[in-house]
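For reference, the chains in residue letters:
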Amino acid sequence: MENTKELMLIHSQMPHVSSVPAEGVNILLTPQFYTIKREALPVKYAYQAKRIAPSLFEGLLENLEHQKYFVFEEEEQWVFVAYDVEKIKTFLQTKGIEIGQVFKIFFAEQVVASFHAPVLLGEQEALVNLNGTMTVVPQIALNPDEKPIRINADFTPKKGVSFEGRGKSMVSSNETYTLAAIFLLFAVIYFVEGSRYGGESEVQSQEMQALLENYPSLQSSYTRQSIADKYKKIDNKERKKRDVIKSLSHMIFKGSTLTSLLVDDKKFQAQFACKDTNTAKKLKELAKKEKFNTSKIAHSNDLKIEGTL
Amino acid sequence: MNQLKAYKNEIIVGLALLLLLIAFGYKQGKVSGQTDTSASSELQELKEVIALKKVWGDKKTTKRVDKLKTMVAPSKVKWSRTSKKLSASFSNLNNQELNRLIIRVMNLAVKIQKLEVKKSGASYHVELKCKW
């Protein structure tokens, strides 16, 4: 996309630009606006190399905190480019180029091979490829036999950098991607949760429909409530009776015999014959555990266990 | 077009935020839809009513109650059933017969009005009154 746009060579002697194409321009910076360093480092990726870029320029540049770095691979070494964005912006504005009009920034060093001949920078200087390094030299130092060339969109490198906050943008690219990723993540979570709730509701409503079709008499909620009340009451009472009988049956063991049992709607009463006091004691403990009332039958080891329902 | 590109970052963030809000609205809609109808509790209630009805309104209960009569020798049983009401007495039951009878009664979906067990010597006498 970028190399369809006009590529403008930016150098300190450039004249004021009267008009910039409406679709914007790409700019190619001369070494007047950046500092380079070539290093053969044992790193595989550009982002790893970029991390160590600041340390490479320590002592070489002033105001390191204002510097931005661009790294690219060249044969078997890494080329580190340090540039001061604010300085470039200020310069462009003095030449009549608004930041919003600049699409991408490139560095002459990226296309060193394309400079097979000098490129004139105004009337006194020229940009030349000096043993693989772009250099600004006085025009008088040029070989008169070499015919200068002009740069065009074909010089545009593949990768470049953009001004952060180009135009009136208030969010940087990094912030944009981070925020967008967070919002999208939450959006996905909400969609998944929503569809889960929706799915559950649908399954429940289908199940409800199927049950009501099988039991048409339960379609009215009043009928349902009245049936539920009626049967719940019976269920609770009858379960209690059966639980009591079950508990009492656990009190029959060696030495303890059930002699009588009465269960009606309101109460229960059981009498156990115990062969000795120890058995009676054990039985009493079991009854106490079940929170039943116990009383001893006079002149015997027998025990009466009772309670209400 | 250039203006749009100038605000590319804001547009991306805005669209992502819009999507987030739509997703949130979608989820809230589904959640509130579920709460409004109380579908879950209504379904639970319906299932409970059906289960209770199946147990306590079972039409086969009469048949099952009648089987109590055949559990012991006819000479040991006095049986009186009218429609859905039973009054029965079982006498001279040994331990095993008593156990079997009580377990069967406990497993029947009937309202026990009276269950009386009395030991006399080595045998048991049982009186049972129930309805369903």
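Analysis parameters
Chains are numbered independently. Their residues run from 1 in the order of the written sequence. All chains are assigned letters beginning with A, and all ligands numbers beginning with 1, in the order in which they are written. Residue-level local features of this predicted model are given only where pLDDT is at least 70; pairs of side-chain atoms are given and counted only at 80 or more, and the full residue set underlies all totals for whole chains, interfaces and linings. Excluded from the side-chain calculation are hydrogens and water; included are all heavy atoms of the structure. By the criteria applied, helices consist of DSSP H or I runs no shorter than four residues and strands consist of E runs no shorter than two, each listed in order from the N terminus. Whether a residue is buried, partly exposed or exposed follows from its accessible area with a 1.4 Å probe, protein chains only, as a fraction of its type maximum: under 20%, in between, or over 50%, in that order. Should any heavy atoms of two residues lie within 4.5 Å, those residues are considered in contact. The Shrake-Rupley method, run with a 1.4 Å probe sphere, supplies the accessible areas, and residue values consider only the shown protein chains as cover. By definition, two strands form a pair when at least two bridges between them are found by DSSP. Think of each axis as a best-fit line through the C-alpha atoms, taken over the contacting stretch in the case of a helix, with angles from 0 to 180 degrees between the N-to-C directions. Two joining distances apply to patches: 9 Å for like charges and 5 Å for nonpolar side chains (Val, Leu, Ile, Met, Phe, Trp, Tyr), and every residue must have over 30% relative accessible area and no salt bridge. By salt bridge we mean one thing: a side-chain nitrogen of Lys or Arg within 4 Å of a carboxyl oxygen of Asp or Glu.

A.B. asks: Explanation requested: the overall build of chain B in the structure shown.
C.D. replies: When you go through chain B residue by residue, the secondary structure sums to five helices and four strands. Helices (α) and strands (β) of chain B occur, in sequence order from the N terminus, as α-α-α-α-β-β-α-β-β. Looking at chain B as a whole, 36% of its 132 residues are labelled buried. When contacts within chain B are restricted to residue pairs at least 6 apart in sequence, long-range pairs at least 24 apart make up 46% of them. Summed over all atoms, the accessible surface of chain B reaches about 7,800 Å², with 55% contributed by carbon and sulfur.

A.B. asks: Even after reading the chapter, I still don't get the sheet that holds strand β6 (residues 102-107) of chain A, so can you show me in this structure?
C.D. replies: Either a parallel or an antiparallel arrangement is found when strands of a sheet pair, and the pairing is made through backbone hydrogen bonds. Residues and elements named next belong to chain A. In space, the three strands of this open sheet follow the order β1-β2-β6, with parallel pairing throughout. In this open sheet, the two edge strands, each paired with only one partner strand, are β1 (6-10) and β6. The average angle at which neighbouring strand axes cross in this sheet is 25 degrees, direction not considered.

A.B. asks: Any chance you could explain the pairing of strand β8 (residues 125-130) of chain A here in plain terms?
C.D. replies: Across a regular strand the side chains alternate sides, sitting on one face of the sheet and then on the other. Residue and element names in this part refer to chain A. Judged from the three bridges that link them, strand β7 (residues 119-121) and β8 form a sheet pairing that is antiparallel. The residue of β8 that forms the bridge with Leu120 is Ala126. Hairpin connection of β7 to β8: three residues between the antiparallel strands, including Gly122 at a positive phi of 70 degrees. Here β8 runs beside strand β9 (residues 133-138); their pairing, made up of six bridges, is antiparallel. Considered in β9, the bridge of Asn129 is made with Met134. Where β8 folds back on β9, the antiparallel hairpin that results is connected by two residues, among which Asn131 adopts a positive phi of roughly 55 degrees.

A.B. asks: I would appreciate a short explanation of the sheet that holds strand β12 (residues 293-296) of chain A in the present structure.
C.D. replies: What the eight strands build is an open sheet, ordered β12(A)-β13(A)-β11(A)-β10(A)-β3(B)-β4(B)-β2(B)-β1(B); its pairing is antiparallel. Of all strands in the sheet, those with a lone pairing partner are β12 of chain A together with β1 (77-82) of chain B, marking the two edges. On average, adjacent strands in this sheet sit at an angle of 15 degrees to one another, irrespective of strand direction. Note that strand β10 (residues 256-264) of chain A and strand β11 (residues 267-274) of chain A share seven bridges and pair antiparallel. In the sheet register, A:Val263 faces β11(A), and the bridge partner there is A:Phe268.

A.B. asks: Can you walk me through a nonpolar patch on the surface in this structure?
C.D. replies: A surface patch of nonpolar side chains, about 670 Å² in accessible area, is lined by A:Leu184, A:Phe191, B:Ile11, B:Leu15, B:Leu18, B:Leu19, B:Ile22 and B:Tyr26. Where the nonpolar patch is concerned, the elements lending two or more residues are α3 (173-214) of chain A together with α2 (8-37) of chain B. Element by element, the count of residues in the nonpolar patch is highest for α2(B), at six residues. Take A:Leu184: it is sitting in helix α3.

A.B. asks: Before we go on, may I ask you to explain the pattern of salt bridges in this structure?
C.D. replies: Close approach of charged atoms allows side chains of opposite charge to pair. All names here are of chain A. Tallying each qualifying case throughout the model produces 18 salt bridges over all chains. A salt bridge links Arg38 to Glu74; its shortest N-O distance comes to 2.8 Å. Taken together, the positions of Arg38 in strand β3 (residues 34-39) and Glu74 in strand β4 (residues 67-74) put the pair 36 residues apart, joining distant regions of the chain. By relative accessible area, Glu74 is classed as buried at 18%. Between Asp264 and Lys267 there is a salt bridge whose closest N-O contact spans 2.9 Å. Residue classification places Asp264 among the buried positions, given a relative accessible area of 15%. For Lys267, a relative accessible area of 35% translates into the label partly exposed.

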